[in-house]
Every structure is written in C-alpha cells, then in structure tokens.
Amino acid sequence: MKFKSLTNKQKLKLKEIYLSKDISWDDKEKVLAKYTGVSARRARDWCSQLGYTKPTEAISPQYEEAKNRRINNKKKVHLITWCQSNTDINHAMLDHMIVYAKKHNAEINIIPGKYSHNVFEIKEEGHTWHSRTIKYLNANRHDICKTLTYCGDVKILPTGKYPLATLGGLGGMNSQIYGSPKIHLESHAVLQGDDAKILVTTGSLSKANYSDSKAGQHGKHYHQYGFVVVEVQDDEIFHMRQVEVCNDGSFDDLYFHVENGEVTKNKEIEGIVLGDLHYATVDKVALETTFKLMKKLKPKHVILEDLLDGRSINPHNLDDPFYQAKLEFQGDNNLGDEIEEMIEGLKDFKKFENVVIVKSNHDIFLERFLMRDWRKLPTMKNSLTYMELSAKILRCHKEGKPFKGVVPMLVEENYPEFNALGYDEPYYIKHFAVFNHGEKGSNGSRGGGAKNWSKFASGTDGHRERGVITAHTHTPSRYGNSICVGHLLLKQDYCAGSPSSWMQSNCIVHKSGKAQQIHIINSKYFTTFK
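Residues numbered from 1 in each chain as written. Predicted model: local features only at pLDDT ≥ 70, side-chain atom pairs only at ≥ 80, totals over all residues. Heavy atoms only, no water.

**Thoughts on the overall build of the chain**
When its secondary structure is counted, the chain shows 14 helices and 23 strands. Considering only intrachain contacts with a sequence separation of at least 6, the fraction spanning at least 24 residues in the chain is 68%. Only carbon and sulfur atoms are counted for the fraction: they give 49% of the accessible area of the chain, which is about 24,400 Å². (Helix = DSSP H or I, 4+ residues; strand = E, 2+ residues; numbered from the N terminus. Contact = heavy atoms within 4.5 Å. Areas by Shrake-Rupley, 256 points an atom, 1.4 Å probe, with all protein chains shown as cover.)

This is the structure we're talking about:
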C-alpha cells in the first residue's frame, strides 16, 4: 500500500483504527502496520498527514459564556476555586462554599480548567463542566482591587509540577490568583515602596482525574481540594488566604469552621509557627498583631524561630570599623542588653501551653562570636558577657550535659517550661515537621524556602502524609505540604537598595491538620473578619 494511492475507503479505515477507543495504543500500531503493510512509524506518519493526529477542539458554549463573566467589584469577599472539565466535583465542598459565601456575603468564582487525557473525547464532545458549576465559571481576567488580579484566562495543566513558574510578569505589579489543583504560593521581589506581590493557586473543586502516566500519577498524588479567600479592605489593601479542604468537604478558614452545612467559630488551633523574630529588630506592632490573632485562636503549640538577632555581634559586620562605630554611637553593640531583651520578650509567651524554640542560624552568631579572641573584639563592653557565656559552655561540657547551643541554654535557664530544641530533635504539629529552621539543606548544604523543602513533604493522597513548615528566608512560600513563613521584623540594614520579597507572615495549623499562611499588612492588618 502506498500513501499517494490510498482510496477514500482505505482512508476511512485508517481513521477508524486510529481513533478507536476500544484498543490500546500498542495494539493500534500493530493493526495499522498490518493493514498498511508498512512499519508502525510510517503508518503513524500517514495518519498525521491525513490530519487524524490533530484533533480540533469543539467550541464549548459553557467556556465561551465564562469568558464574558466579570468579577462583582461591589462584593468585599470573594471565594475562588478551580474545576477541571469533564470531571465530577466534590459536592460537599461546593455546598460548604455556598454556605460560607452566604455567611460573608461573598461571591463565588470558579476558574474553568481544560484538561483531559482523552483528546479524542474532547474533539468529539468538547469541554464541559459539571452543571452545578456553570453559574460560577469565570474565564476572564479582572482586577479584584487595584493591587490584585484574578487570572481566569490562564490555563495551567493540572499535571504541571510548578504551576506558578514564569507567571510573575503576567499581572504586572499586582498580586495574582491562578487556577490549579495544587495549592502553591510565591512572594515575588518588588522595588522599595511598591506593594507586596503574591502569586497563589487555588486548589481544586473537581475530583482527581488523571491518566496512569508518570505525569498523571504525579498530578494525582499532589491534587488538593481548596479555594482562595479574598477580603477587600479598601482599594489597595486586601487579605488573601488559601483554604485546603478535607475530602469530606469540611474546611477551616481563620476564625471559622464549616462542616455539616453549618458555620461555627474556631476558638482554638493546633498550633502556630511565627515568622522570624530577631528580638533586637522585631516590629513590636506586628508582634502585637500576632498576639491578637493568638488571643482569638488559642494555639496548642507555639513555634518560635530566630529569637536572637545578633546585631551586636553579627560576624558579617564585626570587622567593619564604620559599622561598629555606628553601633557604638547608637548604643546597639551591647550583647548583654540584646540577650536581656530576648529573655524579657519571651515572657509574653508564658501564657501558652507548648512553646517550642527552634535552633536557628542567628543562634549560631553567638557560637561564632565566642570562638573569637575576646582581646581583639571591637569593644570591651561585651568582654564580661563573653566570659560568662564561655564559662557556661565549659561547665556544661565538664558536667557531661548535652550542649544544644547558647540560645537553647539561656532559654532553658530562664524558662524551663519551654522546649528549646537542638539540632536533630524532631517536633511535629499534626503531620507537619516544625523542627527545622530552614537554613540547612540536604547533607549540610544551604537550605531555602518551601520549594527546596518540598522534597521532604509528601502529597495529600493519605499515604504517610508529611508536611514541613520552615522559616529563615523571611519570604512566605508554599508548595503543597511544604510551607515557609515570613518574618515579624522592622526594615533591616543589609537589605538597603535591594528589591525584596520579604513579608510579615505567620502560619497556623488547624485542628483538622490543614495549614494556612496569615500575612500581616502594614504591621497591623490581617483580616476584616470579626
């Protein structure tokens, strides 16, 4: 058989074989090769030339209508999720979203996702979405407020490992919301004076529906039910939270728990991981804002990171005479005062049940400082503190006690009820490992944010589920079950002149085991909800 001499009847037969849903691809190749008398590869080429490998997507009336929808900017609260075409949904989740929307007079928008592992089904039937979702579908792009853009017109493959990759520029200077069955978050660097720029994905309303390929199984493993809550405070300030939904459709969002068709108030949470504190440079207003959150949602576990700033003995600046002169003139080079400020600040946490201090990289500043020759320090005012701390360490070793570090030792002396961790001391909130600050990576390498630590977090399919919450970068991020908090600091000297992705941000873990990042705007705002 030759391609140029194919009859219409033979072409129809080739089409019938190639588009058949009744046989596997391997069997199709064998049948094509046998029918044409040429190799399977040559037969595929013939089908390609005949246009059988280029299915044309049927126009979807549902999608065309969704492209004309617009956000209701009169609404101050928005619930946004994503739904895959030709796929069933989590009905209980939608029921509870409707109940929650009614509670807050919110608008629901669903970003329609186009995906199917059967392209020929799409060619014949087109993309359709579950009938319950039609009135919420919105495939347009809108500014929810001046600084936040809804990107319903961008289609991201649900099998994509990093759905936010390369998207930062699409929304200009605005924060952006994209539809995806994964729950990811990235904070992007902005110029000084610009508003923070956060990119988030929504999580899914639709059930997992993937092929058995490597990409498909990866997508299934990291599939998360969820949606984004947006509160518009004014034209420029908004509050945005990602809500991960349980398989039964129940969920927690900040103060509220939604289950069995009812919205009830949360009064307790399983735990909170605070952004880096650095007591010498902590933003006391942001810290007080965090305490207001902890007063309304009493945490069972409180995780603190980078207690000590180490400004007075920072090894990066000890040999800079001009910086040391600046500290001297400002009175900021007294290590004893800095330690006292840290110890005094911890009193505010005595009211909480399980306070855990994670060993952090700024703790190490003290150990590095004590390895120097005290006679060559830039100021003698720290010499007595140097000797006292050195004596404590030597006494610890002489008595055969485990030495976790200077900061853990000081915390245990002043607050024996607190749990000051050393390295390699596991501590969990539900399934989240919270005992790594984040500065160390695999095999002693440098660490990083949630993306670097995602290799240690599992997916959400219930098979030995593991999450990780770290800090260190001062930049909030999330990749599924791997989460990184931000900081609670004032502006730092060493960031002068640099674009910054830093944000004041904490992370709470609900009783359900689902986590939420809570971002603080202008040191004092994190929600409009009461």
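After presenting the structure, the write-up continues.
**Description of the pairing of strand β8 (residues 226-232)**
Of all the 7 residues making up β8, 7 are buried; the element is thus mostly covered by neighbouring parts of the structure. Judged by which residues are buried, β8 turns out to be covered on both faces: Gly-226, Val-228, Val-230 and Val-232 on one side and Phe-227, Val-229 and Glu-231 on the other are all buried. One ladder, built from 7 bridges, connects β8 with strand β9 (residues 238-244); its direction is antiparallel. By the bridge assignment for β9, Glu-231 is matched with His-239. (Buried < 20%, exposed > 50% of the residue type's maximum accessible area, 1.4 Å probe, protein only. Pairing = 2+ DSSP bridges.)

**Overview of the packing of aromatic side chains**
For the coordinates displayed, the defined rule picks out 16 aromatic pairs. Ring plane angle 10 degrees and centroid distance 4.9 Å describe the contact between Tyr-415 and Phe-418, whose orientation is recorded as stacked. With a relative accessible area of 4%, Tyr-415 lands in the buried category. For Phe-418, a relative accessible area of 6% puts it in the buried group. Relative to Phe-456, the ring of Trp-453 lies with its centre 5.2 Å away and its plane at 55 degrees, an arrangement referred to as tilted. Accessibility expressed as a relative area gives 8% for Trp-453, which makes it buried. Here the aromatic residues Tyr-100, Phe-227, Phe-251, Tyr-255, Phe-256 and Phe-529 are joined through ring pairs into a cluster of three or more. One Lys or Arg, Lys-296, reaches over the ring of Tyr-255 and ends 4.1 Å from the middle of that ring. Across the ring face of Tyr-162, the terminal group of Lys-451 is positioned such that the distance to the ring centre comes to 4.3 Å. (Phe/Tyr/Trp six-rings, centres within 6.5 Å; stacked < 30°, edge-to-face > 60°. Lys NZ or Arg CZ within 6 Å of the ring centre and 35° of its normal.)

**Details of the side chain of Ser-180**
Of note, Ser-180 is situated in the loop between β5 (175-178) and β6 (184-188). You can call Ser-180 buried: its relative accessible area is 1%. Within the structure, Ser-180 has its side chain in polar contact with the backbone nitrogen of Lys-182 (distance 3.2 Å). Residues contacting Ser-180, with those up to four places away along its chain left out, are Trp-82, Pro-163, Thr-201, Thr-202, Gly-203 and Ser-204. (Polar contact = N/O pair within 3.5 Å; in protein donor to acceptor, adjacent residues only side chain to side chain.)

**Observations concerning unusual backbone geometry**
A positive phi angle is found at Asp-306, which is not glycine, with a value near 45 degrees. Locating Asp-306 in the fold gives a position in the loop between β14 (298-305) and α9 (321-330). Exposure remark for Asp-306: the relative accessible area of 1% places this residue in the buried category. Positive phi, close to 55 degrees, is recorded for Asn-522, a residue that is not glycine.

**Some details on the sheet that holds strand β1 (residues 77-84)**
Pairing is mixed in the open sheet, where 4 strands are placed in the order β2-β1-β8-β9. The open sheet has two free edges, formed respectively by β2 (107-113) and β9, since each of these has just one partner strand. Neighbour to neighbour, the strand axes of the sheet diverge by 20 degrees on average, direction disregarded. Across 7 bridges, the pairing between β1 and β2 is parallel. Counterpart to Cys-83 in the pairing with β2 is Pro-112. Helix α5 (residues 91-104) rests against β1, β2 and β8 of the sheet, and its axis sits at about 165 degrees to β1. (Axes fitted to C-alpha atoms, helices over the stretch in contact; angles between N-to-C directions.)

**Some remarks on the environment of Ile-393**
By secondary structure assignment, the location of Ile-393 is in helix α12 (residues 383-398). Overall, Ile-393 belongs to the buried group, its relative accessible area being 14%. For the pair Ile-393 and Glu-367, spaced 26 residues apart in the sequence, the C-alpha separation amounts to 9.9 Å. Apart from the residues lying within four places of it in its own chain, the contact partners of Ile-393 are Leu-370, Phe-403, Val-406 and Met-409.

**Focus: helix α2 (residues 25-36)**
Over its 12 residues, α2 extends 16 Å from the first C-alpha to the last, a length consistent with the 16 Å expected when each residue adds 1.5 Å. Of the positions making up α2, those classed as buried are Lys-28, Glu-29, Leu-32, Ala-33 and Thr-36. Projected down its long axis, α2 shows its buried positions confined to an angular sector of 130 degrees, all on one face. Facing away from the buried side of α2, by more than 90 degrees, are the exposed residues Asp-26, Lys-30 and Lys-34. Of the surrounding secondary structure, the elements contacted by the buried residues of α2 are α1 (8-18) and α3 (40-49). Positioned one or two residues after α2, Gly-37 has a phi angle of 75 degrees, which is positive. (Expected span 1.5 Å × (residues − 1). Arc of directions from axis to C-beta.)

**Overview of the sheet that holds strand β16 (residues 419-420)**
Strand order across the open sheet formed by 6 strands is β16-β15-β14-β13-β22-β23, with mixed pairing between neighbours. The open sheet is flanked by β16 and β23 (515-519), the only strands paired with a single partner. Examined bridge by bridge, β14 and strand β15 (residues 354-358) share 5 bridges and lie parallel to one another. Bridge pairing in β15 links His-301 to Asn-354. Against the sheet, helix α8 (residues 284-296) engages β13 (268-273), β14, β22 (505-509) and β23, with an angle of about 150 degrees to β14.

**Structural notes on helix α10 (residues 335-345)**
Residue pairs spaced three or four apart in an α-helix point in one direction, given the helix's 3.6 residues per turn. Among all positions in α10, only Leu-335, Glu-338, Ile-339, Met-342, Ile-343 and Gly-345 are buried. For α10, the angular spread of the buried residues around the axis is 165 degrees, confining them to a single face. Against the buried residues of α10 lie α11 (364-370), α12 and α13 (406-414). The N-capping residue of α10, defined by a side-chain oxygen 3.0 Å from the backbone nitrogen of Gly-336, is Asn-334.

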